[in-house]
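Examination of the molecular architecture
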Amino acid sequence: MSARLLDGKKIRDQILAELAPQVHSLAAAHRPPGLAVILVGDNPASAIYVRSKVAACHELGIHSEQLTPPASISTSELLSLIDNLNRRDDIDGILVQMPLPPQIDSRAVLLAIRPDKDVDGFHPFNVGNLVAGSPGPRACTPAGIMEMLLRYDIPVEGRRAVVVGRSDIVGKPMALMLLHRNATVTICHSRTPGLAAECRRADILVAAIGKPALITADFIQPGATVIDVGMNRITDPALAARIFARRPDRLTQLAAKGSILIGDVHPVEGPEVAGALTPVPGGVGPLTIAMLMSNTVRSAESRLLAAPAAPCSS
Ligand code: NDP
């Protein structure tokens, strides 16, 4: 069997195409939506993520601003940057690229962003909305995965879903979103005994672990939908040779580029057992940015199109 590949780029393009007219009409009637991205220091991986986010804004006509304070910035200086963005009427979304340098109190930074401008959906106020099933910006990666399941007509209601990983940004919100769509959800983590057996019960298996190729054939129920969130850059030729023992052609990429990107799902065994699978790259990654754009547009709409308050009658 060879799994159907769930194409994240195709879904991203659909989402961006749907957002484009909304951005244009906001820009024509009021102003374009505005996203501010704060990139602290010079972490090369963070810089790549931020570049892709800014490029997506540019493609859609969303106004974007990049703030790049040095790695030596203090928590209070960063909080004052955020305070300024919180007050600006032309900024609908504020994103602080993680991770932050060790001297910064990341939690204080997260809490400082106005919840209605928290386009990452990480503020506890928005986490509370997610738990309660109330409207509000949702964490982009799991929200993108839900869009993918919906647009590929993969049924969720009544299905058994297993999420491996319990981080605040992927695992936990993912489990809650699946639960709200009436899946029966199990969350697994590093202390879960019998992980393979737990995973094998899944009709929908989400791997958000950060361990290359951990999910091998014996973790996957034949025919299951497997969502691979992991993004692991492999540079060790011996590890790559083990993983791609039956696909030596893939090793040419490592030889040419010096590294190869693989997910948490074994890239050779996963497609042989799963019914549908997100590839790495090209699966979940593109959806994260699409949902960030969507959250920014929603935030602008709620700010710009909100009905004016009724006048006081007394
Ligand atoms: P975290 O490191 O925050 O969380 C990893 C989770 O995996 C933890 O809950 C941990 O358990 C669990 N885990 C670790 N080892 C094992 C194991 N051997 N067995 C079972 N569970 C294990 O990672 P994130 O959630 O931030 O990210 C996960 C992956 O997804 C990473 O590869 C990241 O790069 C990728 N990612 C991709 C995105 C995209 O857009 N495609 C967006 C965000 C992340 P415990 O809690 O017990 O420690």
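Residues numbered from 1 in each chain as written. Predicted model: local features only at pLDDT ≥ 70, side-chain atom pairs only at ≥ 80, totals over all residues. Heavy atoms only, no water.

Moving on, we come to the layout of surface pockets. Taken as a whole, the largest pocket spans an internal volume of roughly 1300 Å³. Lining the largest pocket are 44 residues, with Tyr 49, Thr 141, Met 231, Gly 285 and Thr 288 sitting closest to its centre. Breaking the lining of the largest pocket down by element, the ones donating at least two residues are helix H1 (8-29), helix H2 (44-60), strand E4 (93-96), helix H6 (140-151), strand E9 (232-234) and helix H12 (284-304). In the lining of the largest pocket, the residues fall into 25 nonpolar, twelve polar and seven charged. Residue-level mapping places the lining of the largest pocket at the junction of two domains, with at least three residues from each of domain 1 (21-117) and domain 2 (140-287). Approximately 590 Å³ is the volume attributed to the second largest pocket. Taken together, 25 residues make up the lining of the second largest pocket; nearest its centre are Gly 136, Pro 137, Arg 138, Ala 143 and Asn 295. The set of elements that each furnish at least two residues to the lining of the second largest pocket consists of helix H5 (124-132), H6, helix H7 (171-180) and H12. Residue contributions to the lining of the second largest pocket peak at five residues, all from H12. Looking at the lining of the second largest pocket residue by residue, the classes come out as eleven nonpolar, seven polar and seven charged. Taken domain by domain, the makeup of the lining of the second largest pocket includes at least three residues from each of domain 1 (21-117) and domain 2 (140-287). (1 Å grid on protein atoms, 1.4 Å probe; cavity = no way out; pocket = protein on both sides within 12 Å on 5 of 7 lines; lining within 4 Å. Points joined across faces, edges and corners; volume = space filled by probe spheres on them. Helix = DSSP H or I, 4+ residues; strand = E, 2+ residues; numbered from the N terminus. Nonpolar A, V, L, I, M, F, W, Y, C, P; charged D, E, K, R; others polar. Domains from an automatic or database assignment.)

Moving on, we come to H1. What sets the pattern is the α-helix's 3.6 residues per turn: residues three or four places apart point alike. Between its terminal C-alpha atoms H1 stretches 32 Å, which fits the 32 Å expected from 22 residues at 1.5 Å a residue. The sharpest bend along H1 reaches about 25 degrees and sits at Leu 19, with the proline Pro 21 one to four residues further on. Among all positions of H1, only Gly 8, Ile 11, Ile 15, Leu 16, Leu 19, Ala 20, Val 23 and Leu 26 are buried. Those residues of H1 that are buried lie in contact with H2, H6 and H12. (Expected span 1.5 Å × (residues − 1). Bend = angle between axes of the 7 residues up to and from the residue. Buried < 20%, exposed > 50% of the residue type's maximum accessible area, 1.4 Å probe, protein only. Contact = heavy atoms within 4.5 Å.)

Don't take any of this as a statement about function, it's just geometry.
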